[in-house]
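The lines below spell out each chain.
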Amino acid sequence: MPSKRRSQSWSEVKQTGNECFKNGQYGDAASLYSQAIQLLEKAGTNQQDLSILYSNRAASYLKDGNCEQCVKDCTVSLDLVPYGMKSLLRRAAAYEALERYRLAYVDYKTVLQIDCNVPSAHDGTNRMTKVLTEMDGPSWREKLPPIPMVPMAVKEKLLQSTAPASAPASAPAPASAPAPAQNAQQNGVKEKAKPVVSDAAKKKGRTLKEEGNALVKKGDHKKAVEKYTQSLKQDPTEITTYTNRALCYNALKKYKEAVKDCSEALGLDAANIKALYRRAQANKELKENKACIEDLNSLLKIEPQNTAAQKLLIDVQKTK
């Protein structure tokens with residue numbers, strides 16, 4: 001009589017699932033990841049490992065064309081461990097396949113906040129920008145869901161991490177983490193920790209920002225600056241308040257102040273289009289052509305079809 005086969009551990013089942021994934025057996029891989037999830041939950045939940053298993057199963061679903069289930073698994077994975085780049089990229093790809101382009105754009109942009117050197121996130125952002133512009137016209141950004149602000153701690157963890165993540169070798173994966181010197185300072189600005197802001201202060205800041213926006217529409221940039229300044233005292237983490245005040249400073253020909261505000265915004269989001277563009281505008285007026293061209297090139301890597309940036313780049317190159 002053959003001896004009784006010992007039960008496999010969740011990690012062994014997961015490894016078998018990884019092998020199936022490598023061999024293109026995506027249905028089998030998904031089943032094995034499901035078994036590993038059940039075993040891990042019975043053994044006592046480890047959020048990090050469980051998040052990886054859900055993300056791996058999501059990759060299998062995505063390869064098999066089961067995009068709805070991929071989205072669900074990626075969302076569970078991100079609930080367990082927020083801002084996981086592989087889960088964000090897989091969910092973005094699934095959203096794109098499901099023609100939920102706004103949600104795909106948000107996930108691709110979130111990845112770029114974590115690591116601005118991920119080619120697939122840049123490519124995805126460019127595709128979504130083109131599609132959304134065709135769908136919604138020039139004001140397409142106004143219809144987007146909120147893009148989450150990635151905490152500085154997440155970026156620091158990426159820099160400190162040296163071990164590769166456990167995932168199927170053939171699964172879609174972000175580029176390797178850049179060297180600390182590259183990621184610590186992006187677009188000429190050192191990223192900084194985000195201060196904690198109370199809900200009451202955020203609400204007050206939002207109200208003041210909206211008052212500033214109304215003044216901009218009336219052409220009163222000077223008073224709008226005052227409102228935005230008051231707003232930032234309440235909530236110094238609101239990126240759009242910095243970029244809106246920079247717009248006003250450019251209109252008032254206070255270009256150094258505009259550069260400073262855009263740099264603050266880029267310290268919070270290194271891939272912010274408005275901050276890159278408005279800082280480029282200010283640097284052009286300050287005759288800082290090299291800095292202007294650098295910002296425009298960074299912008300065009302994110303949005304190659306941005307016609308305003310293309311035009312400004314041509315103009316500044318003529319004056320070199």
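Quick caveat, the model's predicted, so the values are computed rather than measured.

### A few points about the overall build of the protein chain
Each helix and strand counted, the protein chain has 16 helices and two strands in total. For the protein chain, with 320 residues in total, the buried portion stands at 47%. Counted over contacts in the protein chain with a minimum sequence separation of 6, partners at least 24 positions apart contribute 59%. Surface summary for the protein chain: the accessible area is close to 16,800 Å², and the carbon and sulfur share equals 50%.

### As for helix 15 (residues 289-302)
Counted at 1.5 Å a residue, the expected span for helix 15 with its 14 residues is 20 Å, and the 20 Å between its end C-alpha atoms agrees. Along helix 15, the residues that are buried comprise N289, C292, I293, D295, L296, S298, L299, L300 and I302. Elements in contact with the buried residues of helix 15: helix 6 (101-114), helix 7 (119-136), helix 14 (273-285) and helix 16 (307-318).

### Examining the confidence of the model for the protein chain
The predicted structure's coordinates, where accompanied by low pLDDT, should not be read in detail. Of the residues in the protein chain, 86% have a pLDDT of 70 or more, and the chain-wide mean is 84. Looking at the elements of the protein chain, mean pLDDT is at its lowest for helix 9 (residues 180-184), recorded as 36, and at its highest for helix 4 (residues 67-80), recorded as 94. Considering only residues more than four positions removed or in separate chains, one finds that residues 162-190, a stretch of pLDDT under 50, has 63 contacts.

### Some points on unusual backbone geometry
For E99, which is not a glycine, the phi torsion comes out positive at approximately 65°. Position of E99 among the secondary structure elements: in the loop between helix 5 (85-97) and helix 6. Taking relative accessible area as the criterion, E99 reaches 57% and is therefore assigned exposed. Residue K287 is not a glycine yet carries a positive backbone phi of 65°. Residue class for K287 comes out exposed when judged on its relative accessible area of 69%.

### Comments concerning the pattern of salt bridges
For side chains of opposite charge, pairing can occur when their charged atoms come near one another. A complete count under the given rule lists 13 salt bridges for this structure. One salt bridge connects R102 with D136, and the closest N-O pair in it is separated by 2.9 Å. With R102 in helix 6 and D136 in helix 7, this pair connects stretches of sequence that are 34 residues apart. Here D315 makes a salt bridge to K311, at a shortest N to O gap of 3.4 Å. Placement of the pair is D315 and K311 together in helix 16, with a separation of four residues, close to one helical turn. On the basis of relative accessible area, D315 is assigned to the partly exposed category, the value being 26%. Taken together, the salt bridges that share partners define one network made up of R102, D136 and K143.

### What about the environment of L300?
Structurally, the position occupied by L300 is in helix 15. L300 sits in the buried class, given a relative accessible area of 16%. Along the primary structure L300 and I273 are separated by 27 residues, whereas in three dimensions their C-alpha atoms are 9.1 Å apart. Ignoring sequence-local partners within four residues, the contact set of L300 consists of N306, A309, Q310 and L313.

### Looking at helix 13 (residues 255-268)
Along its 14 residues, helix 13 runs 20 Å from first to last C-alpha, staying within 8% of the 20 Å computed at 1.5 Å per residue. Most of helix 13 is tucked away: ten of the 14 residues are buried.

### Concerning the environment of S198
Residue position: S198 is located in the loop between strand 2 (189-190) and helix 10 (199-217). Judged by relative accessible area, S198 falls into the partly exposed class, the value being 42%. Put simply, S198 and Q234 are 36 residues apart on the chain and 9.0 Å apart in space, counted from C-alpha to C-alpha. Among the polar contacts made by the side chain of S198, one reaches the main-chain amide nitrogen of A201 at a distance of 3.1 Å.

Basis of the calculations
Residues numbered from 1 in each chain as written. Predicted model: local features only at pLDDT ≥ 70, side-chain atom pairs only at ≥ 80, totals over all residues. Heavy atoms only, no water. Helix = DSSP H or I, 4+ residues; strand = E, 2+ residues; numbered from the N terminus. Buried < 20%, exposed > 50% of the residue type's maximum accessible area, 1.4 Å probe, protein only. Contact = heavy atoms within 4.5 Å. Areas by Shrake-Rupley, 256 points an atom, 1.4 Å probe, with all protein chains shown as cover. Expected span 1.5 Å × (residues − 1). pLDDT = per-residue confidence, 0-100. Salt bridge = Lys/Arg side-chain N within 4 Å of Asp/Glu carboxyl O. Polar contact = N/O pair within 3.5 Å; in protein donor to acceptor, adjacent residues only side chain to side chain.

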